[in-house]
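# Summary of the model geometry
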Amino acid sequence: MITLTHYLVLSAILFCIGLVGVLRRKNLLMLFFSTEILLNAVNVGFAAISKYYMDLTGQMFAFFIIAIAASEVAVGLGLLIIWYKRVGSIDLDTMQSMNG
Amino acid sequence: MEKYLYLALFSPLVGSLFASLFGAKPKKLFVGLVASTLLFVSLFSSIYLLCYVASSDNIIHVKLFDWIKVGGINIPFGFIVDPVSVIMMVTVTTVSAFVHVYSLGYMKHDEGFNRFFSYLSAFVFSMMVLVMSDNFAGLFIGWEGVGLCSWLLIGFWYKKEDVAREINPSISPSWAANEAFIMNRIADLGMLIGLFLIYWNTGSLQYDKVFENISTLNITIVTLIGIFLFIGAMGKSAQFPFHTWLADAMEGPTPVSALIHAATMVTAGVFLIIRSYPLYSQIPDVGFFIATLGAFVAVFAASMALVNQDLKRIIAYSTLSQLGYMFVAAGLGAYWIALFHLMTHAFFKSLLFLGAGNVMHAMDDELNIFKMGGLRKTMKWTAIMMIIGSLALAGIYPFAGFFSKDKILAVAFDSNHYILWFMLWVGAGMTAFYSFRLIMLVFFGDERYKKYGFHPHEAYWYMLLAMAPLAILAIIAGFFEESFEHFVTYLLPEYHFNIEGIKEVGLIGITTLIALSGIVFAIYKYSKGGFNPKWKENFLYKLLLNQYYIPIIYEKCITKPYAKLSKIAWKEFDVRIIDATVDFIAKIIYISGFKGRVVQSGNLSKMLGWMVIGLVILLLLVVLYSPVR
């Protein structure tokens, strides 16, 4: 039997994977992937809890997150391509024109 | 009637504000004309109010608006026109109106012409608030207002450099202005304490309520109130030991000396005592102290005037001495006589000062009377008017000073204070002597000024015209004595003389005798070329010329140690403790910022790392401190 706990554990594991990806990866493209994993970890949580409480609000919110993630990726990828054309690299460590 | 009250009170303010619009502009004649016209509006309103109050025995009392209304405190902005305040209003506006006209000529070539009229009218407004207020708080506002205007006007030529005390005893206008202001501040602290005591013990600052309750208070409290209020009066009226500022205040333009430092502001202290007569008549001991101090200052100041060589300083010491006379009368309970002398003194003293202004103008601002002489030939009218003023000051019949000064001497004799009477009597002789010493040295004798290359000339006709009414008042004001007494004793207590007949005549005779002998001695001595120069080596002469060395003692014993103390407080306490504490806090923030700025490396993955750390901390806090476990 798969209970709510399982879903939440899955969500937490996914979130941790995404977080580690965000922290460790240096490639901007990989960063986008990690962000997607983070968002979808949250989506899993939302959908599971929504089902558990029989409340559609959570699922609705998950849809919103999917829409926002899509638009974010669209804008982000566009910027990424322009950046690559200009600099020739999408390594995070090369992007430090401002530092204290 | 209220209309006239507001006209009298506010037209100087309007004049001042109008003139201040042109304060930084070059000289505009109409500014002075408008200010003077408004002063005359105020003068005529005051005279109208005087006639009204005198004819109907009514008191006009208006409440303009509530001023301070917090908790139990209720201090309205109220004004009262009763016999005492209306006499003050008429005196103040008369002198100031004519001084305004005189200033049109005196300040003609000064670049600060507009500014001058703004200050002068502001002074008159403050003085009107002082005398017309119906409570102690309003009086205090006016009191501080006149102090401020006095500071502005003494330091009117603030650009002059400081010089050594040996060359100019007042050092510089701005120095003198600060001295006057600080001296008054010290005394005003006493006055403020007095006001607090009044409020604490009576629960009000309104004159009528305070004086109603004053008889129910403990006599110690009343004595304390009387002493503290008198300290304030000592500062404003330049009584010993606060007297040094008045002579130094002569650095201001001469019309200012005439208006503020002779006729009006310095008499505010006497006015305060007169106004609070129900308080002071409860405590005759304090009254006696006031009278003693007054008599002391009368002689003390007159003695300094005997030898001084500075035209304006001589008249300033004479003002001090006359203020002493007023305090004797007020201290001995003869309040109406003090007010009477205040009024007559205002007329003849401002006349003397304006005359001195004419002489200064003629002599290119030279003040040493030993460089003048024989000026009567070129300055006939000034000479005549100054002689009138001096005769009035010396107390010669039928001039105004005779009536008021004789009454004060009679009061001292009548109340069996023979020592006070003797001091005042000696003072009267000195007054006569130094007045005519000044007249002789300035207007008669050899024309010493020729040696110094001066070309004296008579003042403008309208300056003389402005002095003429004051001269007339200096002659005739004494004859109003009986109607004046009748009028003000409606409010003030009467004074009953015990001596009559031959004794009274004898007293007048003795006083007139010493005044006349002082005059004759001065004329005799100075028509023969003055005193032997050997006198200048005399210790007494040096003592008097250096003002008993009091300014130097003050500087050595008070100013310098205080400056040292301030320096210690600055270097040790302020810099080392307070500044160090503040700097320490600033340094911690600066260093932490310096150390912490590596966080802002610009590296996205590091920044994300910090963000995650922050997130974890916040999550931990939520878990630890959340109310639901």
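Relevant structure appears above.
In what follows, the accompanying structure is described. (Residues numbered from 1 in each chain as written. Chains lettered and ligands numbered in written order. Predicted model: local features only at pLDDT ≥ 70, side-chain atom pairs only at ≥ 80, totals over all residues. Heavy atoms only, no water.)

Moving on, we get to the overall build of chain B. Check the secondary structure of chain B and you find 24 helices and two strands. Across its three principal axes, chain B shows a C-alpha extent of roughly 110 × 65 × 50 Å. Burial analysis of chain B (629 residues in total) assigns 56% to the buried set. Sequence separation of at least 24 residues holds for 81% of the intrachain contacts in chain B that already meet a minimum separation of 6. If you sum the accessible surface of chain B, you get close to 27100 Å²; carbon and sulfur atoms cover 69% of it. Put simply, chain B has 45 plus and 39 minus side-chain charges, and the middle of one group is 11 Å from the middle of the other. (Helix = DSSP H or I, 4+ residues; strand = E, 2+ residues; numbered from the N terminus. Buried < 20%, exposed > 50% of the residue type's maximum accessible area, 1.4 Å probe, protein only. Contact = heavy atoms within 4.5 Å. Areas by Shrake-Rupley, 256 points an atom, 1.4 Å probe, with all protein chains shown as cover. Lys, Arg positive; Asp, Glu negative; His and termini not counted. Charge placed at Lys NZ, Arg CZ, Asp CG, Glu CD.)

Okay, the pattern of salt bridges next. Residue and element names in this part refer to chain B. Following the criterion strictly, the structure yields 13 salt bridges over all chains and no others. Among the salt bridges present, the one from D248 reaches R313, with a minimum N-O distance of 2.5 Å. Linking D248 in helix α9 (residues 244-248) with R313 in helix α14 (residues 311-331), this pair joins segments that are 65 residues apart in sequence. You'll find D248 and R313 in the same group, each marked buried. Notably, a salt bridge pairs E366 with K371, separated by 3.9 Å at the nearest N-O pair. Several salt bridges share partner residues, and in doing so they unite K63, D66 and K69 into one network. (Salt bridge = Lys/Arg side-chain N within 4 Å of Asp/Glu carboxyl O.)

Next up on the list: the environment of A176 of chain B. Residues and elements named next belong to chain B. Following the sequence through the fold, A176 ends up in helix α6 (residues 173-202). Counting along the chain gives 75 residues from A176 to E251, while the straight-line C-alpha distance between them is 6.9 Å. When sequence neighbours within four positions are dropped, the list of residues in contact with A176 reads I154, S170, D248 and E251.

Moving on, we get to the interface of chain A and chain B. It is common to give the size of an interface as the accessible area that goes away when the parts come together. With twelve residues of chain A at the interface, the matching set in chain B holds ten residues. In total, about 910 Å² of surface goes out of reach between chain A and chain B, with carbon and sulfur atoms giving 64% of it. Taken together, chain A and chain B are joined by zero salt bridges. Summed over the shared surface of chain A and chain B, the result is zero residue pairs in polar contact (both at pLDDT 80 or more). For the side of chain A that touches chain B, the element with the highest residue contribution is helix α1 (residues 4-24) of chain A, accounting for three residues. Looking at the side of chain A that touches chain B, its residues break down into seven nonpolar, three polar and two charged. (Buried area = accessible area lost by both parts, 1.4 Å probe. Polar contact = N/O pair within 3.5 Å; in protein donor to acceptor, adjacent residues only side chain to side chain. Nonpolar A, V, L, I, M, F, W, Y, C, P; charged D, E, K, R; others polar.)

This paragraph deals with the environment of A19 of chain B. Within the secondary structure layout, A19 of chain B lies in helix α1 (residues 2-21). With residues near it in sequence (within four places) discarded, A19 of chain B still touches V31, N114, F117 and S118 of chain B.

All names here are of chain B. Cis geometry marks the peptide bond from F240 to P241; its omega dihedral reads 5°. Structurally, P241 is set in the loop between α8 (219-236) and α9. Y397 connects to P398 through a cis peptide bond whose omega is 5°. Looking at the secondary structure, you find P398 in the loop between α16 (380-394) and α17 (400-414). The backbone of Q547 sits at a positive phi, close to 55°, despite the residue not being glycine. Tracing the sequence through the fold places Q547 in the loop between α22 (539-545) and α23 (550-596). Unlike most non-glycine residues, Y548 shows phi in positive territory, near 60°.

Residue and element names in this part refer to chain B. The terminal C-alpha atoms of helix α24 (residues 604-625) lie 31 Å apart, and with 22 residues this matches the ideal 32 Å at 1.5 Å per residue to within 8%. Within α24 the residues assigned to the buried category are S605, L608, G609 and V612. Down the axis of α24, the sector holding all buried residues measures 105°, keeping them to one side. In α24, the exposed positions angled more than 90 degrees off the buried face are occupied by K606, M611, L618, L624 and Y625. (Expected span 1.5 Å × (residues − 1). Arc of directions from axis to C-beta.)

All quantities given are derived from atomic positions and should not be read as evidence of function.
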